[in-house]
Structure formats: C-alpha cells, structure tokens
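The residues making up each chain are set out below.
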Amino acid sequence: MDMERKNKYVINDQYTFRLEYFGGLVLSQNVEDKFIISKETYIFLKAYEKFTLDESIGIVSNIIGGKYEPEFEELIETKMLVYQENTLLEIPEKIPEFISKIQEELRNVEGKSSLLFPLYISIYPTPVCQAFCKFCYFKDKGIKYSKKENEFVSINYWKNVIDEILQYHGVGLSILGGEPTLYKDIDELLKYAIERKIKASLTTNGLFMKESTFDILTTKDQFIISMSLQGIGEIHHKLTGIDFESVERRVKMFIKKGIIPQINTVITEQSIEDFERILDWCEYNGIEEVFLNLYNTLEENTEKYKMNDYKSLEYRLNQYILRKKYTFNLTFVGCLYYSAFYDENYQLTDPEFEKIFYGCEAGKTKIEIMPNGDVFPCVLMEHPIGNIKDQSVYDIWNKSAILGKMRTMRNKDERCINCSFYVFCNGGCPVRNEKNFYLKGDERCARLALL
C-alpha cells in the first residue's frame, strides 16, 4: 500500500485504547471485540491520532530506541484503522510533549500485574425496589443499606465515578439497584452521563418510572436498557411480585420510542416451556438480545440446576430458536459456566488475555459500588475494599490490600491445580475460595462434579 493511501486511514473511534502492564488493550464499545497489542503498536496508534504516519513512526522509534514499522495491514484487518477520504488530525500537539506523556504512561504500568483501572463499574445508587424477587442477589445488601440512608453518597460522587471511567478509559457504567429509576437524582445522573458521552446500561423492572426519566432514557441512543422478565404471565408475578403486564407495557413503550430493550432472565424455577414462551414473546416483540443468567448464591447445594444442566438447557433452547427461525441473540451468562465446557486438551493461546477475561471478573476487570460509597469486587462479598467518599476509584483499585490478596492467592486443591483452566479460574468463586481457606475448589464446577 502506498504512503498516500496509508495516510487516508484514521483511528477507529469505536475502540478504546489503554496501556497496561502486558502492552496495549483494545476494546470495542460493546466489548465484543478485544485485542492485546504490543506497547509499540499502542504508542503508534496514540501518536497516529495526532500526527502524520511518518511522524508517528518516528515517535515510536524515538521512544523504543530502535527502528519501528507498523503492521498496517493487520491494523486494518482488525478495524483499529478505518479508511476515511478526508482526514483531519486532532488539535496539534508538540511531539516532545506527546513523547513525555507516553513515557509517563509507561512508567505508570511498570511492575504492575493487574489492570490499571477496572473495565466495568456497576453502581447501586439506591437499595429501594418495588419488586420482591426470590432470586435477588442484592437482597441482603439492599436490606443492610436501606438502614443507612443518612450515609448515602451525593450525586457528585457518582459524577466523579463517571469522570474517572472516562479519564482512565473504562469501558462503561452499569446502573443497578434496587430499582435505579427510584433513585431521587436519577434524572441528573442520566443527564450527566449524556453530557460526558459515556455509554451506560440500566437494569430496570420498568414499574412506575417517572415520565422525565423515561424521556431521558429514550431521547439519546446512549443507554442500554435491560428489562427484567422472569416469565410470561403468572410466573413472572410469582417470582418477582410484579405483574407481567406492567413489564410488557413498559417494553412496548420503549419500542415505540425506537429503543429496543434487552431482556434479562434469571434461571430459577421456570420450566423449559416457560423459557420457550419467553423466547416466543421476545421474537414477537422484536427483541434483539436475550440474556439468561445462572442463579448465583453462596449457599451450598441450593441450585436447581447444575452446570451441565445449564449447558443442556442452552443447547435445547438454541435448537428451539433454530427450529422457529427466530432472529434474536440468546446468551447464557453466569459464574463458573465456562466449567461446563471443560476441555482437558485446552491450551492457552494468550495467557495474559485469558487471565483477565476468563474466570471471575471480581477484582480483575470490575468493581461494584454501594449506595453509601462502599466498594466491592463483587456484590456477594462481605467486606468492602474501600469507599469513594475517602478515596478515588483509581486508588482503591490499586492500593486495596484485600484486592491484592485476591489477585495473588492461589487455590491449593490438587484437582484444580491439575486443571487446564486453573490459570484463569483459580478454583472458582473468590468468596468461596476464602471461605474454604483456598484449600478446596468450587463444588459447582462441572469438572469437579465428575471427579
């Protein structure tokens, strides 16, 4: 490819670029595409946002102290670079100043063995909810924090979290609860997310939503709306305490405004026929994304389904979708589900990538923040690792002793050590690991169930 044509390529603004201890991390906005690139490629891409091709190559060569040639075709193939006939560089910056900034970034990641900042942050601005879901993983914490309303953080703290996500190139924000639309400052929070142009998801039961909140959520195509639907008809009321018709009405209101909500279902007491009816309803209403979530609890032997049961259910429902020629995407998600797909011949292709994105996300890629500012790697954990009233998210993420222990302690169960998934799984749930003093693997694991 000639130089003139190469200069017509620009950085794809649908990607987020971050420098980490292992190199560059590239993530698409929907996080479906993830890449690890070399530090040299990261520097080149950051430079190419501001300078010409020749200048960018020269900057990388200057920093690494040697010759550099970008893998241009590969960057185009992975869509990190896209063709644009009329290219405009960003506001000019002096090359020495840019080099100093990059060198500072490089110093920041030296000696680290974890991400510089979480990719995902979930916030729980209110514990209040109109539903009484039997399966709610937030129920115990919701009751606890409902008694501490005088300690709840102000809207400015949530705005600070959004600012930090943007500053450190986090992927996005999840607004959860409780029922987040009951948060007294929800409109201001959503407007700030729009102002800062951050992609955010909001999970709601859709009940009694303020008209102003609904208008904000449907004005901009910036929010991913996830509606909780546990069944069609009476079973939804049985599991949540909310009439199915209320959810259906809200979904149709969103669709009328051009917003297609995701459907979020937790697998609990439903029958296979109940799930099929959910899928029928989703296709009829033009839903595009359906998520079935594995029921998650720390109580032993309380799950109706085992991991291989979930796998069988997924297979059967996908066959149903194929037979009916439905067009939406069905995704099963949940802790330890990967164990149902255990392969003893599995070989790591990129250990750093797999250690980050496989296994439990808690403390590796995400944190969750409670109404009073308490920060947890996972909402199921008992002890907070900090509070955003006392520290920034960045400092909590990088300085917490609890997180440090979680990231370094290894499960000592021989059955786990001899497993090909051990490098990213580490025996399963970190909470169960600690409870068992790192001596016993997570008994929900499909492989352990066979041993």
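See the structure printed just above.
Here, residues in each chain are numbered from 1, in the same order as that chain's written sequence. It should be noted that, the model being predicted, local features are given only for residues of pLDDT at least 70 and side-chain atom pairs only at 80 or more, the latter also being counted only at that level, while totals for whole chains, interfaces and linings use all residues. Calculation of side-chain values draws on the structure's entire complement of heavy atoms; hydrogens and water are dropped beforehand.

**Describing the sheet that holds strand β3 (residues 23-28)**
Where we set the bar: For two strands to be treated as a pair, DSSP must find at least two bridges joining them. Here a strand is any run of E in DSSP of at least two residues, a helix any run of H or I of at least four, and the numbering for each starts at the N terminus. Fitted lines through C-alpha atoms give the axes, limited to the stretch in contact for helices. The angle between two N-to-C directions lies from 0 to 180 degrees. The contact criterion used throughout is that any non-hydrogen atoms of two residues lie within 4.5 Å.
With antiparallel pairing, three strands are arranged side by side in an open sheet as β2-β3-β4. Strands at the two margins of the open sheet, each flanked by one partner only, are β2 (15-20) and β4 (34-37). Recorded for the sheet is a direction-independent mean angle of 20° between the axes of neighbouring strands. Bridging between β3 and β4 involves four bridges; their strand directions are antiparallel. Counted as the bridge partner of Leu27 is Lys34 from β4. Each of β2, β3 and β4 touches helix α2 (residues 39-48); the most contacted strand, β2, lies at about 130° to it.

**Some points on unusual backbone geometry**
Counted only if it meets this: Exposure categories follow from relative accessible area, calculated using a 1.4 Å probe and restricted to protein chains: below 20% of the type maximum is buried, above 50% is exposed, and the middle band is partly exposed.
Although it is not a glycine, Phe208 adopts a positive phi angle of roughly 55°. The topology assignment puts Phe208 in the loop between β8 (200-204) and α9 (211-219). Although it is not a glycine, Phe437 sits at a positive phi angle of roughly 55°. Residue placement: Phe437 occurs in the segment after α19 (430-435). You can call Phe437 exposed: its relative accessible area is 65%.

**Quick notes on helix α5 (residues 95-109)**
Defined as follows: Between the first and last residue of a helix there are one fewer steps than residues, each counted as 1.5 Å, and that sum is the expected span. Arc definition: it is the arc formed by the directions from the helix axis to the C-beta atoms.
The end-to-end C-alpha distance of α5 is 22 Å, a good match for the 21 Å that 15 residues give at a rise of 1.5 Å each. Of all the residues in α5, the buried ones are Phe98, Ile99, Ile102, Leu106 and Val109. Viewed along the axis of α5, the buried residues span an arc of 100°, placing them on a single side of the element. Turned more than 90 degrees from where α5 packs its buried face, Pro96 and Lys101 sit exposed. Check the buried side of α5 and you find it contacts β2, α2 and α3 (53-64). Of the residues flanking the end of α5, it is Gly111, one or two places downstream, whose phi is positive at about 75°.

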